[in-house]
Amino acid sequence: MTDHCTIVNHPLVQHKLSLMRRVETSTSEFRQLLREISHLLAYEITRELPMTTRTIETPMQAMEAPVIEGKKLALVSILRAGNGLLDGILELIPSARVGFVGLYRDHDTLKPVKYYFKVPAAMEDRLTIVVDPMLATGNSSAAAIDMLKEAGAKNLRFMCLLAAPEGVARMKEAHPDVPIVTAAVDSHLNDLGYIVPGLGDAGDRMFGTK
Ligand code: URA
């Protein structure tokens, strides 16, 4: 799409996303598909991680082997739906450090309010990947990234499953330095703030709460 927002057009991602969108897809199928897609999105979002080499011994001889440079990544889940993406990425990057941001929307001001915030130490030294499956208005994602920057994070990326154009625009305005990776950008948001055609409420669908 743009440098700021990458759409992962891989056939496996697109096929799995279509299965997830279907109203008849069960909770367990939805969760499994989310886990599989999260691996593929994580592959894309980590594509340009800085590399270095380390001397290792193979059974044959010593070699300079490529390894990822720097401190361990921080994965930050925006509660609660972010946890569905988080689980899958942790299977791929098991040594990553993990943080959580909990926000709710104040009924009167409609502004995101923080109810939980816990992140790893030394955020300024880590690549931070923020995960939330649905980038809708972008307000809570932008607020979460504000908080992470206040906590020291400097090098951030945002990973979602589905985005609305409104959310991508809001993020670009608030955080042009934070690239977005998503499986799709849909048509629009409806009056209730749901992505259309979307897949419904991602949290309810992954946790079976409706
Ligand atoms: N959050 C969801 O779970 N679904 C949407 O469509 C928008 C926000």
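Conventions we followed
- Residues numbered from 1 in each chain as written.
- Predicted model: local features only at pLDDT ≥ 70, side-chain atom pairs only at ≥ 80, totals over all residues.
- Heavy atoms only, no water.
- Pairing = 2+ DSSP bridges.
- Helix = DSSP H or I, 4+ residues; strand = E, 2+ residues; numbered from the N terminus.
- Core = buried A, V, L, I, M, F, W, Y, C linked by side-chain atoms within 4.5 Å.
- Buried < 20%, exposed > 50% of the residue type's maximum accessible area, 1.4 Å probe, protein only.
- Polar contact = N/O pair within 3.5 Å; in protein donor to acceptor, adjacent residues only side chain to side chain.
- Contact = heavy atoms within 4.5 Å.

A.B. asks: Can you lay out the pairing of strand β6 (residues 112–118) for me, pointing to particular residues and giving the numbers?
C.D. replies: Here strand β5 (residues 97–105) runs beside β6; their pairing, made up of six bridges, is antiparallel. What sits directly across from Phe-100, in β6, is Lys-118. Connecting β5 to the next strand, β6, in antiparallel fashion are six residues, including Leu-110 with a positive phi near 65 degrees.

A.B. asks: Would you mind going over unusual backbone geometry in detail, with residue names and values included?
C.D. replies: Leu-79 connects to Arg-80 through a cis peptide bond whose omega is -5 degrees. Within the secondary structure, Arg-80 is located in the loop between β4 (74–78) and α3 (82–92). The phi angle at Ala-122 is positive, at roughly 55 degrees, despite the residue not being glycine. Mapped onto the fold, Ala-122 is located in the loop between β6 and β7 (127–131).

A.B. asks: A description of the nonpolar core should follow, citing residues and the corresponding values.
C.D. replies: Generally speaking, soluble globular proteins have nonpolar side chains that are buried together. Within the largest apolar cluster, 37 residues are counted, with the highest numbers of intra-cluster contacts made by Leu-17, Ile-129, Met-159, Leu-161 and Leu-199. Residues Val-101, Met-123, Ile-145 and Phe-158 belong to the second largest nonpolar core, which totals 24 residues.

A.B. asks: Could you give an account of the sheet that holds strand β8 (residues 134–135), with specific residues and numbers?
C.D. replies: Through backbone hydrogen bonds, the strands of a sheet pair up, either in parallel or in antiparallel fashion. Pairing in this open sheet of three strands is parallel, and the strands run β8-β10-β12 from one edge to the other. The sheet terminates laterally at β8 and β12 (184–185), the two strands that pair on one side only. Relative to β12, strand β10 (residues 162–163) runs parallel, the two being bridged by two bridges. Residue pairing in the sheet places Leu-162 in a bridge with Ala-184 of β12.

A.B. asks: Give a description of the side chain of Asp-186 that names residues and reports values.
C.D. replies: As for its placement among the helices and strands, Asp-186 is situated in the loop between β12 and β13 (188–189). Of the residues examined, Asp-186 reaches a relative accessible area of 10% and is grouped as buried. In terms of polar contacts, Asp-186 uses its side chain to reach the backbone amide nitrogen of Gly-198, at 2.8 Å. The contacts of Asp-186, once residues within four sequence positions are left out, are Arg-21, Leu-162, Ala-163, Pro-165, Ile-195, Val-196, Pro-197 and Gly-198.

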